[in-house]
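The lines below spell out each chain.
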Amino acid sequence: MSDALIVADLAVARGGRTLFENVRFIARPGDVIVVTGPNGVGKSSLLRVFAGLGRIERGSVERPGGGVALMDEAHALDRGATVQAALRFWARLDGGPDPTTRVAAALEDVALGDLADVPVRLLSAGQRRRAALARVVASGARLWLLDEPANALDAAALDRLAALVARHRGQGGIVVAATHQPLAWDDVQQVRL
Ligand SMILES: Nc1ncnc2c1ncn2[C@@H]1O[C@H](COP(=O)(O)OP(=O)(O)OP(=O)(O)O)[C@@H](O)[C@H]1O
């Protein structure tokens, strides 16, 4: 297994229809890929394939070693649990040492430390998105797959997201983000579907 995400001549279908084809790129440690395109073109489907959750019609995807974390609506936090309990559940599933410490640090990273004991169902839309980002941060995975990470975020939260992405790439991480919003991140590769 290499340390890069290698995508070769990829085509993905859903419901018997080819969504896109001929997607190819290589993302090495420190690289950020921003995927754009109109509604329904298949951005979320592409991230699911990178996470190993979707079917490939043609081509290939080679994932880097070091784990994958997908932030999307399907990986919602337990609405009845407190923020920290919901995150610890995922941190334990993701594996690695000391989930409690990792979750506490990730909550500080997204400025949700003060809401650690609040039930997930009481969070605002932007706070929920920050909690979902904390799940990805706490996972310790090398490859972050972020589906619409900027949705519902205010200016301060957008700055923190950018800083966390910069820190992750500085540590040799790889980020693939699907977005409708312009992301003010430096030095990214664009993939348009
Ligand atoms: N489970 C499914 N079975 C069949 N088709 C599906 C399924 N899930 C999604 N699709 C279809 O696949 C296509 C791509 O959906 P996807 O969510 O990947 O697009 P997207 O580019 O992320 O869209 P958006 O910008 O609206 O978030 C859509 O036409 C959608 O209807």
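In this text the structure is predicted, and so the values were computed from the model without any measurement.

A.B. asks: Hey, could you go over the sheet that holds strand β3 (residues 32-36) for me, with residue numbers and the actual values?
C.D. replies: Sheets are built from strands paired through backbone hydrogen bonds, the pairs being either parallel or antiparallel. Strand order in the open sheet formed by 5 strands is β5-β6-β7-β3-β8, and the pairing between neighbours is parallel. Strands with a single pairing partner mark the edges of an open sheet, and in this sheet they are β5 (68-71) and β8 (189-192). Across the sheet, the axes of successive neighbouring strands diverge by a mean angle of 15°, strand direction being ignored. Of the pairings in the sheet, the one linking strand β6 (residues 143-147) to strand β7 (residues 174-178) comprises 5 bridges and is parallel in character.

A.B. asks: Any details on the sheet that holds strand β2 (residues 17-27)? Residues and values, ideally.
C.D. replies: One open sheet accounts for 3 strands, arranged β2-β1-β4; its pairing is antiparallel. At either margin of the open sheet sits one strand with a lone partner, and together these are β2 and β4 (58-62). Ignoring which end each strand starts from, the neighbouring axes of this sheet average 25° apart. Relative to β4, strand β1 (residues 5-14) is paired through 4 bridges, and the arrangement is antiparallel. By the bridge assignment for β4, Val7 is matched with Val61.

About the criteria used
Residues numbered from 1 in each chain as written. Predicted model: local features only at pLDDT ≥ 70, side-chain atom pairs only at ≥ 80, totals over all residues. Heavy atoms only, no water. Pairing = 2+ DSSP bridges. Helix = DSSP H or I, 4+ residues; strand = E, 2+ residues; numbered from the N terminus. Axes fitted to C-alpha atoms, helices over the stretch in contact; angles between N-to-C directions.

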